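Residues per chain, in single letters:
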Amino acid sequence: MGSTLPKTLTSDQIDDLIVAIDGYFFFNYNEYSFYQKNKLEEIKLFLNLRREVLSKYNELSKTSN
């Protein structure tokens, strides 16, 4: 599956994405969400997106060193 993120992101933009994803997750899900099928699918998608953002962050940090 291809990336859903723009090809060029600054470090600050990636940091903002991580904060936004984590904030959304924190405020919209609770321990009961893991037992609801539709919420569980959303959680999986958010975790995939977060992994993609962190991967992009790792790529950016390697090229800036």
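For the structure itself, look to the data block above.
Residues numbered from 1 in each chain as written. Predicted model: local features only at pLDDT ≥ 70, side-chain atom pairs only at ≥ 80, totals over all residues. Heavy atoms only, no water.

**Q** I keep staring at the packing of aromatic side chains and nothing clicks. Help me out?
**A** Remark: the centre distance and the inter-plane angle together describe each pair of aromatic rings, the angle taken between the planes. Across all of its chains, the model carries five aromatic pairs by this definition. For the pair tyrosine 24 and tyrosine 29, a centre-to-centre distance of 6.3 Å together with 70° between the ring planes defines the contact as edge-to-face. With relative accessibility at 38%, the residue tyrosine 24 sits in the partly exposed group. Assessed through its relative accessible area of 9%, tyrosine 29 is described here as buried. A centroid spacing of 6.1 Å and a plane angle of 65° characterise the contact between tyrosine 29 and phenylalanine 46, whose relative ring orientation is edge-to-face. Of this pair, tyrosine 29 sits in the loop between helix H1 (11-28) and helix H2 (37-64) while phenylalanine 46 sits in helix H2, and the two are 17 residues apart along the sequence. Here phenylalanine 46 falls in the partly exposed class, since its relative accessible area comes to 21%. Every member of this aromatic cluster is reached through a ring pair, and the members are Tyr24, Phe25, Tyr29 and Phe46. (Phe/Tyr/Trp six-rings, centres within 6.5 Å; stacked < 30°, edge-to-face > 60°. Buried < 20%, exposed > 50% of the residue type's maximum accessible area, 1.4 Å probe, protein only. Helix = DSSP H or I, 4+ residues; strand = E, 2+ residues; numbered from the N terminus.)

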